[in-house]
Amino acid sequence: MRSLSIVVLAALLAVGCSADDGAPAAEPGPATDETSSSVGASTTTTTTTLRPPVPTDPPRPPAEMIGDLVLPCSPTDLTPIVDAVGITDASITIGTGSDRGGIGTPGAGVGIIEMIEALADHCNAHGGLHGRDIRVIEYDAAAVETVDRVRRACEEVSALVGHAFLQLIEEALTAIDCGLARYPTGPGLLPPTPVRLHGHLTAAFADPAASRIVLVGPDTPVEAAARVAHEAAVTAAGGVLEVVGTVPYPIDRVPDWDRLVGEARATGAGQVVIVGGCDQAVVPFIEVADRAGWAPMILASAAAYEAGCLGVATPERLLLELPFLPFEDGDAAPAAAAHEELLALTAAPRTGTGLLAASAFWRWAVDTAACPTSVGEECASPLAGLDWSAGGLHPPVSPDGTSPGCAVVMGIEDGAFVRRLPVEPGTYECEPVFSAPLPG
């Protein structure tokens with residue numbers, strides 16, 4: 001029996017770096033542009049951008065809520081911190097990451113950056129963290145420069161928060177090498193989504209042919225491992241769906257969607273699970289499939305919960321499985337509604353990746369506010385040993401990274417996202433078989 005729950009799954013979690021030499025960090029310099037070679041013969045231009053804080057003078061009262069989370073932001077003075085990268089008496093500098101400069105991933109991660117900046121501004125308006133303004137640096141890894149960006153971040157910022165780097169396995173190894181801090185609530189580097197949905201909910205909409213699925217996603221080590229986990233989870237579910245093929249696409253060059261659609265169609269699948277955002281993957285795939293006269297059911301994830309997917313052809317064939325309550329739930333999703341209000345202040349768009357980044361930001365902020373002078377396991381964080389839901393933004397993620405298999409299926413109708421399952425705002429369809437652990 002399927003059950004409804006008012007919790008949702010998955011959180012992007014924060015990471016922090018400690019200095020190699022123990023010297024106090026200087027304020028970051030001005031933004032710099034650089035050009036670097038990507039995998040193969042292609043070349044990408046990547047940017048590291050420092051965004052200064054936007055404080056409010058005088059600061060607003062500190063006791064404001066986000067959902068059911070009390071803001072950790074406060075103008076309280078604090079004893080100066082020594083031997084801390086990215087932290088001075090005046091500011092705390094964090095990094096966040098995108099792949100927006102990649103040849104095959106243009107614009108990827110923009111929603112994350114805009115959300116982190118909006119939340120940093122909001123926290124600064126309430127006095128920052130212990131009176132220090134939060135500064136934000138974006139590291140554009142262009143999909144294939146993750147290792148270099150993480151190494152740079154380790155020398156410049158106190159934490160990487162809510163990043164969207166595709167090459168997560170390489171990033172994890174680099175993070176260990178550069179001495180990332182271990183927060184009291186867990187390792188400094190965790191997968192951005194502890195649990196991945198894998199398409200079982202769409203069986204409620206599928207015709208018999210659509211029960212056969214093909215998995216289409218980036219050609220990266222972490223995605224290859226995720227496809228293995230995905231297929232194993234589908235098999236363990238008892239044949240609700242059948243994986244009939246996998247089709248990886250490159251991230252170091254523009255994908256050949258004609259070829260990729262042809263390979264997916266040749267599997268005989270009636271359903272396609274696509275990993276990627278609207279502009280980068282979902283829309284190109286659907287456009288080519290439509291031209292070829294093929295109309296499979298398309299399942300995408302939170303990365304495609306953005307305005308770019310609202311104008312797709314054959315919208316009745318596109319479904320999104322979301323690990324959080326959608327913005328469309330309004331008052332039934334108070335945490336999402338609060339973040340929507342903050343985005344509206346800067347006219348930033350609503351995105352699914354932005355909501356997951358918000359979870360990362362607040363987890364980092366709560367830990368940092370509780371452990372300002374010593375980020376480490378010895379600090380008594382209020383989050384230690386507890387499940388984390390980011391104020392009700394998603395279902396509780398346990399300290400070991402597991403989460404219930406809960407999701408919302410959204411469709412598109414009249415140019416807007418609408419609930420397909422379950423239909424009642426503020427509720428989720430929950431069953432362990434709906435999700436699978438991510439690798440690593």
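Residues numbered from 1 in each chain as written. Predicted model: local features only at pLDDT ≥ 70, side-chain atom pairs only at ≥ 80, totals over all residues. Heavy atoms only, no water.

**Student:** Tell me about the packing of helix α1 (residues 110–125) against helix α8 (residues 352–370), residues and numbers included.
**Tutor:** It is at 8 Å that the axes of α1 and α8 come closest, and there the two elements cross at 40 degrees. Between α1 and α8, the interaxial angle falls into the category oblique. In this structure, the crossing between α1 and α8 has a hand that is right-handed. Residues G111, I112, M115, I116, L119, A120, H122 and C123 of α1 form the contact with α8, whose own contacting residues are T353, G354, L355, A357, A358, F361 and W362. Tallied by class, the residues present in the contact of α1 with α8 amount to eleven nonpolar, four polar and no charged. (Axes fitted to C-alpha atoms, helices over the stretch in contact; angles between N-to-C directions. Helix = DSSP H or I, 4+ residues; strand = E, 2+ residues; numbered from the N terminus. Parallel < 35°, antiparallel > 145°, perpendicular 65-115°, else oblique. Left-handed = near helix turned anticlockwise from the far one by under 90°. Contact = heavy atoms within 4.5 Å. Nonpolar A, V, L, I, M, F, W, Y, C, P; charged D, E, K, R; others polar.)

**Student:** Tell me about the packing of aromatic side chains, and please be specific about residues and values.
**Tutor:** Here the distance between the centres and the angle between the planes together describe a pair of aromatic rings. What the rule picks out here adds up to eight aromatic pairs. Aromatic pair W257 and F285: ring centres 6.2 Å apart, planes at 85 degrees, arrangement edge-to-face. Note that W257 is positioned in helix α5 (residues 257–266) and F285 in helix α6 (residues 278–291), a separation of 28 residues in sequence. Taking the relative accessible area as the measure of exposure, F285 reaches 0% and is therefore buried. Taking the centre distance of 5.1 Å and the plane angle of 85 degrees together, the rings of F361 and W362 count as edge-to-face. (Phe/Tyr/Trp six-rings, centres within 6.5 Å; stacked < 30°, edge-to-face > 60°. Buried < 20%, exposed > 50% of the residue type's maximum accessible area, 1.4 Å probe, protein only.)

**Student:** Now, about the nonpolar core: what can you tell me, with residues and values included?
**Tutor:** One finds I94, F285, L318, L320, F361, W362 and W364 to be the most contacted residues of the largest nonpolar core, which totals 82 residues. The residues touching W362, leaving out its near neighbours within four places in the chain, are I66, L69, L71, P72, C73, L119, H122, H339 and W388. Membership of the second largest hydrophobic core comes to nine residues, among which are A141, V150, A153 and C154. (Core = buried A, V, L, I, M, F, W, Y, C linked by side-chain atoms within 4.5 Å.)

**Student:** Explain the state of the cysteines to me, using residue names and the numbers behind them.
**Tutor:** Scanning all chains against the criterion turns up three disulfides. Here C73 connects covalently by a disulfide to C123, the sulfurs 1.9 Å from one another. Around the S-S axis, the bridge from C73 to C123 shows a dihedral of about -110 degrees and counts as left-handed. Pair noted here: C73 is in the loop between β6 (69–70) and β7 (91–98) and C123 is in helix α1, with a separation of 50 residues, a long-range link. Of the two residues, C73 and C123, both sit in the buried class. In this model C278 forms its disulfide with C309; the gap between the sulfur atoms is 2.0 Å. Classification of the bridge connecting C278 and C309 rests on its S-S torsion, roughly -115 degrees, and on that basis the disulfide is left-handed. With C278 in helix α6 and C309 in the loop between β15 (297–300) and β16 (318–322), the pair connects residues that are 31 residues apart, well separated along the chain. (Disulfide = S-S within 2.5 Å.)

**Student:** Report on the packing of α5 against α6, specifying residues and quantitative values.
**Tutor:** Pairs of packed helices are described in terms of their axes, by the angle between the two and the distance that separates them. In the contact formed by α5 and α6, the axes pass within 9 Å of each other and the chain directions differ by 70 degrees. The angle between the axes of α5 and α6 places the two elements in the roughly perpendicular class. Contacts between α5 and α6 pair W257, D258, L260, V261 and A264 from the former with Q280, A281, P284, F285, V288, A289 and R291 from the latter. Across the contact of α5 with α6, the residue classes tally to nine nonpolar, one polar and two charged.

**Student:** An account of the environment of R259 is requested, with residue identities and associated values reported.
**Tutor:** By the secondary structure assignment, R259 is in helix α5. When the C-alpha atoms of R259 and V288 are compared, they prove to be 9.6 Å apart, with 29 residues separating the residues in sequence.

**Student:** Residue-level account of the pattern of salt bridges, with values.
**Tutor:** Using the criterion set out here, one finds ten salt bridges in the structure. Between R350 and E328 there is a salt bridge; the shortest N-O distance is 3.0 Å. Taken together, the residues span a long stretch of sequence, with R350 in the loop between α7 (334–344) and α8 and E328 in the loop between β16 and α7 at a distance of 22 residues. For the salt bridge of R350 with E340, the shortest nitrogen-to-oxygen distance reads 2.7 Å. Residue R350 is located in the loop between α7 and α8, and its partner E340 is located in helix α7; the two are separated by ten residues in the primary sequence. Among the residues examined, R350 registers a relative accessible area of 32% and is labelled partly exposed. Residue classification places E340 among the partly exposed positions, given a relative accessible area of 25%. Each of E328, E340 and R350 takes part in one network of salt bridges that share partners. (Salt bridge = Lys/Arg side-chain N within 4 Å of Asp/Glu carboxyl O.)

**Student:** Go over the environment of Y249, please, and point to the residues and values.
**Tutor:** With respect to the element layout, Y249 can be found in strand β13 (residues 242–249). Residues Y249 and D219, 30 residues apart in the sequence, show an inter-C-alpha distance of 5.3 Å. The residues touching Y249, leaving out its near neighbours within four places in the chain, are V216, G217, P218, D219, P255, W257, L260, V275, G276 and A281. Of the polar contacts made by the side chain of Y249, one reaches the backbone oxygen of V275; its length is 2.6 Å. (Polar contact = N/O pair within 3.5 Å; in protein donor to acceptor, adjacent residues only side chain to side chain.)

**Student:** Before we move on, could you go through the confidence of the model for the chain and cite the residues and values that matter?
**Tutor:** Per-residue confidence for the chain gives a mean pLDDT of 76; residues scoring 70 or more make up 70%. Segment residues 1–46: pLDDT under 50, and 175 contacts once partners within four positions in sequence are set aside and those in other chains are kept. A low-confidence stretch, residues 184–194 stays under pLDDT 50, and its non-local contacts, those more than four residues away or across chains, total 48 contacts. (pLDDT = per-residue confidence, 0-100.)

**Student:** Can you break down unusual backbone geometry residue by residue, with the values?
**Tutor:** Residue L421 is joined to P422 through a cis peptide bond whose omega torsion reads -20 degrees. Along the chain, the position of P422 falls in the loop between β18 (416–421) and β19 (428–430). A positive phi is found at T314, a non-glycine position, where the angle reads about 45 degrees. Mapping T314 onto the fold places it in the loop between β15 and β16. Given the relative accessible area of 27%, T314 is considered partly exposed. Backbone geometry at A390 places phi at a positive 55 degrees, although glycine is not the residue there. Following the sequence through the fold, A390 ends up in the loop between α8 and β17 (406–413).

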